[in-house]
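# Residue-level structural notes
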There are 4 protein chains.
Amino acid sequence: MAKCEVHRRVEYAETDMAGIVHFSEFSRYMESAEHELFRRAGLSVMMQDGEQQVSWPRVACAFEFKAPLRFEDEMTVSIWIADIGGKSVTFRCEILCGGDVKAVGTLTSVCCLIEEGGRVTSMPIPDAIREKLDAFLTDE
Amino acid sequence: MAKCEVHRRVEYAETDMAGIVHFSEFSRYMESAEHELFRRAGLSVMMQDGEQQVSWPRVACAFEFKAPLRFEDEMTVSIWIADIGGKSVTFRCEILCGGDVKAVGTLTSVCCLIEEGGRVTSMPIPDAIREKLDAFLTDE
Amino acid sequence: MAKCEVHRRVEYAETDMAGIVHFSEFSRYMESAEHELFRRAGLSVMMQDGEQQVSWPRVACAFEFKAPLRFEDEMTVSIWIADIGGKSVTFRCEILCGGDVKAVGTLTSVCCLIEEGGRVTSMPIPDAIREKLDAFLTDE
Amino acid sequence: MAKCEVHRRVEYAETDMAGIVHFSEFSRYMESAEHELFRRAGLSVMMQDGEQQVSWPRVACAFEFKAPLRFEDEMTVSIWIADIGGKSVTFRCEILCGGDVKAVGTLTSVCCLIEEGGRVTSMPIPDAIREKLDAFLTDE
């Protein structure tokens, strides 16, 4: 029932000629917080499971942008799990700065086996992983 | 009633350690095609309107990812306008490669006046701009 | 004795809050042209050589920036090979726009064998590759 | 006589299909540390000086890459000033991970006045700025 919060400052290279953070950077902010959530759960987004590699390709991503972020703004990226299905996980995130919600995002990933040679096959989320992710399942 | 089609090849820097195009790059592909649509309409996404600058900050962006893109894949980014409201425009796009739809995206932007000093205010889409964008309004 | 020329237009996401192309993008422009040079030579920067993968990690990169590039500028990236050593290749590139040289760059890569598991070992450039790259060796 | 040290962890989006950090990201790591140096000196890389804006366009950037960085590697970016000229500053940086130097970089920026309308003119570094930067001038 926890959220994972990450603090970061807007970097210069993330801005565009309108003087604000380019909208594509928000998905990188969300991903970076998602990977921190994995680490806090004792996992990694790229894991060896015996001889196999388990990873989480994305099937959907969405953002609503409420207000711009600017250079050197200090933000909090708050991320949690809204749903864990048989094979997929849906994250929600809020990007906050100075008490305001600047953007809200959703990201759905599918648990996949990455085989030698790069073939990708979806698989049921292993119980050992599901139990750890459950700590960030939040009803909101 | 036209779509704007742009052809491009996946660049190495767009790939990630899973050997596929990072999902954040798809929003850049969509934006690049959107700006080509503006140019074909005789517009630019950053325009002077007398002494004022008119631009189009994003309020929403969403993607569904159907299949991965890989290094040197040649793709077609097809973009069109699904809706023109009083102040906003909603684009839809398909990213195709080898006859398959790899991803579908949606982007909503709001017509804004950028004042000296960076203040951003939404405004009704000027008629001269609306008429040109209408050529890409597609019922699909 | 040829140069490889690539034409491209500055994309919005490549600009920063100063209204110009961010300096880190120039190394991506150079890399993209380098990979086109490989293609025109009948090669790829990521090749299978029997069961092994041959690639070209970078050991050095340098740029001098003469003048800024701006959104929608149409540039020519001209790249050629300045030197081919036993294991390494040094590229030089010029980025031109409107008749002016905007930046000059240098990139040195080492021919490497990528083994299963990710181990990287430098190797002499195979003759079949060297012969093809020679076409872009330019004395300038 | 101080160096500015910044700690960060490699993010997934910074990796490429070779499984290592893409070389263009190193210039972003260096820039991010440079901006932290400005902050620790009580400055910002984008400053108002009365009604004028002072910024630091780059004239040169160079990197030597000694060894790759990989996803979730924790690095230290150490940056200092090697030279302060009349109008320019040259930074040097080392990127360290696990006790090893992974890359060394050099960046030269010129103090410029950014006028309304985007005109950029180089200017002598103001004394008030020079005195603060002097704290990071290191003889190495």
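If you're wondering where the values come from, they're calculated on a predicted model, not measured in any experiment. (Residues numbered from 1 in each chain as written. Chains lettered and ligands numbered in written order. Predicted model: local features only at pLDDT ≥ 70, side-chain atom pairs only at ≥ 80, totals over all residues.)

### Digging into the interface of chain A and chain B
To keep it simple, the criterion reads: Think of it this way: build a C-beta for each residue from its backbone, and any pair within 7 Å is a contact. Think of it this way: any DSSP run of H or I at least four residues long counts as a helix, any run of E at least two long counts as a strand, and we number them from the N terminus. Here the term charged refers only to Asp, Glu, Lys and Arg, the term nonpolar to Ala, Val, Leu, Ile, Met, Phe, Trp, Tyr, Cys and Pro, and the term polar to all other amino acids, Gly among them. Whether two strands pair comes down to DSSP finding at least two bridges between them.
At the junction of the two partners, chain A supplies 17 residues and chain B supplies 17 residues. Contributing elements (two or more residues each) for the side of chain A that touches chain B: α1 (24-40) and β4 (58-65) of chain A. Top contributing element to the side of chain A that touches chain B by residue count: β4 of chain A, with eight residues. Along the lines of polarity and charge, the residues of the side of chain A that touches chain B split into nine nonpolar, five polar and three charged. Bridging between β4 of chain A and strand β4 (residues 58-65) of chain B involves five bridges; their strand directions are antiparallel. Across the sheet, the residue bridging to Ala60 of chain A is Glu64 of chain B, located in β4 of chain B.

### Remarks on the relation of the copies chain A and chain B
What counts is decided by this rule: Copies overlap after least-squares fitting; the atoms used are the C-alpha atoms of residues with pLDDT of at least 70 in both.
Rotating chain A by 180 degrees about the axis while translating it 0.0 Å along that axis superimposes it on chain B, leaving an RMSD of 0.0 Å. Here the copies are linked by what is in effect a two-fold axis. The position closest to the rotation axis in chain A is occupied by the C-alpha of Ala62 of chain A, lying 2.0 Å away.

### Some remarks on the interface of chain D and chain A
The interface of chain D with chain A comprises 12 residues on the first partner and 12 residues on the second. A class-by-class count of the residues in the side of chain D that touches chain A yields five nonpolar, three polar and four charged.

### Some points on the relation of the copies chain D and chain A
With an RMSD of 0.0 Å, the fit of chain D onto chain A corresponds to turning through 180 degrees and sliding 0.0 Å along the axis. A shared binding surface is used by both copies, with 100% of the interface residues of chain D retained as interface residues in chain A.

### Quick word on the sheet that holds strand β9 (residues 120-122) of chain B
Residue and element names in this part refer to chain B. Note the cut-off: Axis geometry follows a simple rule: fit a line to the C-alpha atoms, using only the stretch in contact for helices, then measure angles between N-to-C directions, giving values from 0 to 180 degrees.
Taken in spatial order, the four strands of this open sheet run β2-β3-β8-β9, and their pairing is antiparallel. Of all the strands in the sheet, just β2 (47-49) and β9 have a single pairing partner and so form its edges. The sheet shows a mean angle of 35 degrees between the axes of neighbouring strands, taken without regard to direction. Examined bridge by bridge, strand β3 (residues 52-55) and strand β8 (residues 112-114) share three bridges and lie antiparallel to one another. The partner of Ser55 across the bridge, within β8, is Cys112.

### Things to note about unusual backbone geometry
Leave glycine aside and you will find that most residues have negative phi; peptide bonds, for their part, are mostly trans. Residue and element names in this part refer to chain A. Definition in use: Counting other C-beta atoms within 10 Å of a residue's own tells you its class, since 20 or more makes it buried, 12 or fewer makes it exposed, and anything in between is partly exposed; those C-beta atoms are placed from the backbone.
Positive phi is not limited to glycine here, since Glu72 has a value of about 70 degrees. Structurally, the position occupied by Glu72 is in the loop between β4 and β5 (74-84). Take Glu72: there are 16 C-beta atoms within 10 Å of it, and that puts it in the partly exposed class.

### Section: helix α1 (residues 24-40) of chain C
Selection rule: Given the number of residues in a helix, its expected span is that number minus one, multiplied by 1.5 Å.
For α1 of chain C, spanning 17 residues, the distance from its first C-alpha to its last is 25 Å, which sits close to the expected 24 Å at 1.5 Å a residue. Counting buried positions over the 17 residues of α1 of chain C gives 12, a clear majority of the element. Those residues of α1 of chain C lying buried are Ser24, Glu25, Phe26, Ser27, Tyr29, Met30, Glu31, Ala33, Glu34, His35, Leu37 and Phe38 of chain C. Of the surrounding secondary structure, the elements contacted by the buried residues of α1 of chain C are β1 (4-9), β4 (58-65), β5 (74-84), β6 (88-97) and β7 (100-110) of chain C together with α1 (24-40) of chain D. Following α1 of chain C by one or two positions, Gly42 of chain C has its phi on the positive side, about 80 degrees.

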